[in-house]
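# Fold and contact review
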Amino acid sequence: MASNGIAGRVAVVGMGCSRFGERWDASTEDLILEAYTECLASAGITREDVDAYWLGTLSSGMSGLTLSRAIGSDDKPVTRVENMCASGSEAFRNACYAVAAGAYDVVMAFGVEKLKDSGFSGLLRQDPPGDGTAPEISMTAPAAFSLLDPAYCAKYGTHPDEMRAAMTHVAWKNHDNGSRNPKAQFRTPVSKETIDKAAKVAGRLGVFDCSGVSDGAACALIVPAERAREFTDQPMYVSALSLVAASGRSAQEPDYDYTTFPEVVRSAKDAYAQAGIDDPRTQLSLAEVHDCFTPTEIVLMEDLGFTEPGQAVKDVLAGEFDRDGRLPVNPDGGLKSFGHPVGASGLRMLYEAWLQFRGQAGERQLHDPHTALTHNLGGRPGCCVSFVSVVTREPRC
């Protein structure tokens, strides 16, 4: 896979993020406005300064009207995109490309999802008509991702108790980080004993191994890199954007073993090439990854090149990815603390990088962060879409 990339050509000069949670008090439009107002204020601009918009949402709107009516954008172009759990990241990717291509100078990327007023307990699905053989209609997401646990143990000879301890550590770490984040859905630390004793959902996945369901929105203001300091003295530069969509063959291949996401490996390799990164373990300051389930985060540590194959469990237990570890992963609390309002999650991850680079992350603030990775995946093991971005505090030379 090869792509030219747009490293050094665009920058983020403003961001906003709503509070995530069971927002019974807020409509989709309210969530959009909460993030939008913060974003405009952070860049010191008005609605009239924005040329175009991109909106990512899975099911909280059917067109660009979802955004234009909420913010009163006065006949500006609004493009609505959807790419499963990477919908917000997809809005960001396309908005960045529009600026890099010279089509617009000032654009905004939004992600939003309103899940808690649906009457359903999980994510909404609108499967297109088919022949009934699609794997996603025969197995729930927790069941599909629970397969990562025994498969990993079998391949690498990891004792199930050690794997269980690592899964518990991921949940404990992310809830501890989220307890320091005023915008997270869950803001209470959870003990490892509580995590271990939680009711089972699928396989060995307990309640605390699964991300929650929440409402939320986030947005970013994007401009050409050479204009960034017209808007802020602390811009965030885009070094890499990569997206891979599966062919679907992996899940049908007899040798697919549920210990890796091939799409993540490919998108990470492409993003690192764009950004000039050859050792993510030492060149990244932080990573926000798609911790939809605790074994997912463990496998991602290997697929993203943060550790060697078969080593992730040991590194997790050693605290390598804790907030004070070698490479902090999900310092904002991740999906475990924020829940997963599908369209908003990708931009929420970028919001954490934005705060960290500006020294505005409060109790979560890392020491001198300069390069961040964000990652989304949508789908399930063997057949998913994967997005990886790399953003930096300073422009790439």
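Notes on the structure follow. Keep in mind the model is a prediction, meaning the values are calculated, not measured.

## Here we look at the overall build of the protein chain
- When helices and strands are counted, the protein chain shows 13 helices and 11 strands.
- Relative to a compact globule of 397 residues, whose C-alpha radius of gyration would be 21 Å, the protein chain shows 20 Å and is just as compact.
- Seen through its principal axes, the protein chain has C-alpha atoms that stretch 60 × 45 × 40 Å.
- Here the protein chain, with 397 residues, has 59% of them falling under the buried criterion.
- As displayed, the protein chain has an accessible area near 15300 Å², and 51% of this comes from carbon and sulfur atoms.

## Here we look at the sheet that holds strand 10 (residues 371-380)
- The strand order across the open sheet formed by 9 strands is 3-2-4-7-1-8-11-10-9, and the pairing between neighbours is mixed. Here the strands that pair on one side only, and so sit at the sheet edges, are strand 3 (78-81) and strand 9 (286-288). Strand-to-strand twist across the sheet, computed as the mean angle between neighbouring axes with direction ignored, equals 25°.
- Seen against the sheet, helix 1 (residues 28-43) touches strand 1 (10-17), strand 2 (52-56), strand 4 (107-113) and strand 7 (216-224) and runs at an angle of roughly 130° to strand 1.

## Examining the packing of helix 5 (residues 148-156) against helix 6 (residues 160-178)
- Two elements in contact, helix 5 and helix 6, have axes whose closest approach is 10 Å; the angle formed by their N-to-C orientations is 130°. In terms of orientation, helix 5 and helix 6 fall into the oblique class. By crossing handedness, the relation of helix 5 to helix 6 is classed as right-handed. Along the contact surface, helix 5 presents D149, Y152 and C153, while helix 6 presents P160, M163 and M167.
- For the contact of helix 5 with helix 6, a count of residues per class yields 5 nonpolar, no polar and 1 charged.

## Thoughts on the packing of aromatic side chains
- Here the structure, examined in full by the defined rule, presents 8 aromatic pairs.
- Considering the side-chain rings of Y36 and F110, the 5.9 Å spacing of their centres and the 40° angle between planes classify their relative orientation as tilted. Here the residue Y36 occupies a position in helix 1, and F110 occupies one in strand 4, the gap between them amounting to 74 residues. For the pair shown, Y36 and F110 are each scored as buried.

Analysis parameters
- Position labels on residues start from 1 in each chain and follow its written sequence.
- Totals for whole chains, interfaces and linings use every residue, but because this is a predicted model, local features are given only for residues with pLDDT of at least 70 and side-chain atom pairs only at 80 or more, for both listing and counting.
- Side-chain measures were taken over the full set of non-hydrogen atoms in the model, leaving aside hydrogen atoms and water.
- Helix and strand labels come from DSSP, where a helix needs a run of H or I of at least four residues and a strand needs a run of E of at least two; each type is numbered from the N terminus.
- C-alpha atoms define the radius of gyration in this analysis, and the globule rule sets the expected value at 2.2 Å times the number of residues to the power 0.38.
- The cut-offs for exposure are 20% and 50% of the maximum accessible area for each residue type, with area from a 1.4 Å probe on protein chains only; residues under the lower value are buried, those over the upper are exposed, and the others partly exposed.
- Residue exposure ignores everything except the shown protein chains as possible cover, and the areas themselves are Shrake-Rupley values with a 1.4 Å probe.
- At least two bridges found by DSSP between two strands are what make those strands a pair.
- For helices, the axis comes from a line fit to the C-alpha atoms of the stretch in contact; other axes are also lines fit to C-alpha atoms, and the angle between any two N-to-C directions lies between 0 and 180 degrees.
- Whether two residues are in contact is decided by their heavy atoms: any pair within 4.5 Å suffices.
- Working rule for angles: under 35 degrees goes down as roughly parallel, over 145 as roughly antiparallel, 65 to 115 as roughly perpendicular, anything else as oblique.
- Here a crossing is taken to be left-handed if its near helix is turned anticlockwise relative to the far helix by less than a right angle, and right-handed if that turn runs clockwise.
- When residues are grouped by polarity, Ala, Val, Leu, Ile, Met, Phe, Trp, Tyr, Cys and Pro land in nonpolar, Asp, Glu, Lys and Arg in charged, and all others, Gly among them, in polar.
- Paired rings are identified among Phe, Tyr and Trp, the last through its six-membered ring, by centres lying within 6.5 Å, and are further divided according to the angle between planes into stacked (under 30 degrees), edge-to-face (over 60) and tilted (the rest).

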